[in-house]
Each structure stands twice: as C-alpha cells, then as structure tokens.
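Notes for the structure review
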Amino acid sequence: MDAEDDNFFSRLVRGGNTFEDRLRNAPRDDDDPPGPRDAPPFLEELEPETPLQKLIRHWMNERHAPDILPTEEDLLSRLLDHIRSQSETVQLLRSDPSSSEEEHFRIMLVQTEVERVKFIVRSYLRTRLFKIEKYARHIMTNADVQQRLSQSEVDHARRFAKLTDQHFFHAILQSLPESQQALDEQPPFVPSIIAEPDKTRAVFVHARQDCPPVRLPDGTALEMQKGHISLTPYWVVEQLVARGQVELV
C-alpha cells in the first residue's frame, strides 16, 4: 500500500478537512504558475494523483463516456483493501472503553469518509455493469472491447448475452422463418438489433494539460489548452481520454 493510501484517512482522524473540502480545494493543473517549457506542452507529465483522485476521475469518465472504458481493477483492489483495513481499525477503536469523546467523534468522521468512498466505488461498478449488460452481444463479438474488461466482467457479459439470446429465441425468433432467426443479421437499410456504443454522442471534455490538435467532424482542427472545456463528439477525444490528457465532465 502506498504512503498516500496510509495517510488517506489518518489526516481526517487528526482533524483534517471534510471530503468535499479536500475535493474543492485540491490543486488543479491550471493553478500552476507558467514557466519555461523544455518539451511540447502535450508531452509534459501530469501532477501525481492520490488513489481517491484517480478513482473520482475514472468514475466521472465512465459515467459520461458512451463507450466502455478500460477497467481500473488494480486501483479498486487497493482502495477496497484499504477501506477494509480501516473499517476493522474503526471497529476496534469504537469498542475500546478508554477512547475519549473527542476520539469517538473523529472515529465517526472516519466512518463517514469510508462510506463516501464506498459510494463512489459502487457507483463506478454499477455504471460499468449497466454498460456491460446493454452492450453484452457487442462485447462478445469484439475482442478489442473484451480487453478493456476484467475477466469477471467478460464472464458476466457472456452469460448475459446467452440469456438474452435464449429469451429472444423463445419469445420471438422461433416463430420466424429459419432464415430470419439470426440476431446478428443486418438487412440493408435496417438498423442492427445489436446495441453498440454511440461514439458520435457529444460530451463535455476538460483539458488536464495542453493537448495535441484533434480533427473535428467539419475538418477543422481543435487544439485544447490546459483548463479548456469543449463540447465535442466522443470519438474526437477518445484517445485523449484514454491517455488521461483530458477528463469528461
């Protein structure tokens, strides 16, 4: 576990700021004073993030992106292990009769902090589960998408796609001619029955650093400076999101 993880809750026990205050007052990249640049702006390294800041960024990206983003299994595992250990420590302190009233109050703050982090984790996982079930058949026919998922998510998508196929067959397809019973059949001028992410959907994107130019649908180039917010189709900034140069808001 990183030192940042160990200090995550201990700062609160010593009387630190609340969860919202730390997020509101956290330093942003655009707060840095301008200085000389030895490399192109879009090659500069971003400021290091705490595990919680990373989770919040990936959570917001997942909620706003129309496509399924790469899983953050390692980050979630680290945070969940730390939350588990903190919860056990809190229970031991609460049962200690020698704890003062002030210490009990701080323990309650730590418990509140733990529950807030749990909420973000649950919301992140629910968002991914919704997308996996919505695009289950698309996932099973696309190896590139499967690489973004954990093994348990791929297994769930496979089971869900199988159950959906069985339901469609018994409810509708078995009554159709044999030549029309395939779900992946796509006649001309007829939308596909398999749901796929709509990457043309517009998203708000915030530049975490100076970004290289991207091409807009009308052919013009968009070069986002650090702190800039744009409304653009998701496919335009998809690679910037994957590299962490921008975040969805």
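Look a little higher up for the structure.
What comes next is a walk through the structure. Computed from a prediction, not measured in an experiment: that's the story for all the values here.

Thresholds, definitions, all that
Residues numbered from 1 in each chain as written. Predicted model: local features only at pLDDT ≥ 70, side-chain atom pairs only at ≥ 80, totals over all residues. Heavy atoms only, no water. Helix = DSSP H or I, 4+ residues; strand = E, 2+ residues; numbered from the N terminus. Buried < 20%, exposed > 50% of the residue type's maximum accessible area, 1.4 Å probe, protein only. Contact = heavy atoms within 4.5 Å. Phe/Tyr/Trp six-rings, centres within 6.5 Å; stacked < 30°, edge-to-face > 60°. Patch = residues over 30% accessible without salt bridge, like charges linked within 9 Å, V, L, I, M, F, W, Y side chains within 5 Å. Areas by Shrake-Rupley, 256 points an atom, 1.4 Å probe, with all protein chains shown as cover. Salt bridge = Lys/Arg side-chain N within 4 Å of Asp/Glu carboxyl O. Pairing = 2+ DSSP bridges. Axes fitted to C-alpha atoms, helices over the stretch in contact; angles between N-to-C directions. Parallel < 35°, antiparallel > 145°, perpendicular 65-115°, else oblique. Left-handed = near helix turned anticlockwise from the far one by under 90°. Nonpolar A, V, L, I, M, F, W, Y, C, P; charged D, E, K, R; others polar.

What follows covers the overall build of the chain. When helices and strands are counted, the chain shows 9 helices and 5 strands. Ordered by position from the N terminus, the helices and strands of the chain form the series α-α-α-α-α-α-α-α-β-β-β-β-α-β. Every one of the 249 residues in the chain was classed for burial, and the buried ones make up 35%. By sequence separation, contacts in the chain at least 24 residues apart represent 67% of the contacts at least 6 residues apart.

A word on helix α9 (residues 234-242). Every buried residue belonging to α9 is among Tyr234, Val236, Val237, Glu238, Leu240 and Val241, and all of these are buried. Those residues of α9 that are buried are in contact with α3 (51-64), β1 (202-207), β2 (214-215), β4 (229-233) and β5 (246-248). Following α9 by one or two positions, Gly244 has its phi on the positive side, about 80°.

Once that is clear, we can look at the packing of aromatic side chains. Applying the stated criterion to the full structure yields 1 aromatic pair. For the ring pair Trp59 and Phe119, a centre distance of 6.3 Å and an interplane angle of 85° mean the geometry is edge-to-face. You can see Trp59 sitting in helix α3 and its partner Phe119 sitting in helix α5 (residues 101-134), a full 60 residues away along the chain. For Trp59, a relative accessible area of 13% translates into the label buried.

Right, let's get into the side chain of Glu238. Along the polypeptide, Glu238 turns up in helix α9. Judged by its relative accessible area of 17%, Glu238 falls in the buried class. Ignoring sequence-local partners within four residues, the contact set of Glu238 consists of Asp67 and Lys199.

This part is about a nonpolar patch on the surface. A cluster of nonpolar side chains, Phe204, Ile229, Leu231 and Val249, forms an exposed patch at the surface whose accessible area comes to about 390 Å². Looking at where Val249 falls in the secondary structure, it is placed in the segment after β5.

This next bit is on the side chain of Glu62. Position of Glu62 among the secondary structure elements: in helix α3. Beyond its immediate stretch of four places on either side in the chain, Glu62 contacts Asp67, Ile68, Leu69, Tyr124, Thr127, Arg128 and Lys131.

Looking along a regular strand, one sees side chains alternate from face to face of the sheet. Here 5 bridges tie β1 to β4, and the two strands are oriented antiparallel to one another. By the bridge assignment, Ala202 is partnered in β4 with Pro233.

What follows concerns the packing of helix α4 (residues 73-94) against α5. With their axes 10 Å apart at the nearest point, α4 and α5 run at an angle of 155° to one another. It follows that α4 is roughly antiparallel to α5 by the angle criterion. The interaxial crossing formed by α4 with α5 has left-handed handedness. In this structure, α4 uses Leu76, Leu80, Ile83, Ser87, Val90, Gln91, Leu93 and Arg94 to contact α5, whose residues at the interface are His104, Ile107, Met108, Val110, Gln111, Val114, Val117, Lys118, Val121, Tyr124 and Leu125.

Here the focus is the packing of α3 against α4. Taken N-terminus to C-terminus, the directions of α3 and α4 make an angle of 130°; their axes are 10 Å apart at the nearest point. If you check the angle between α3 and α4, you find them oblique. Both α3 and α4 take part in a crossing whose hand is left-handed. Only Leu75, Leu76, Arg78 and Leu79 of α4 make contact with α3, whose side of the interface consists of Pro51, Lys54, Leu55 and His58. For the contact of α3 with α4, the residue count by class is 5 nonpolar, 1 polar and 2 charged.

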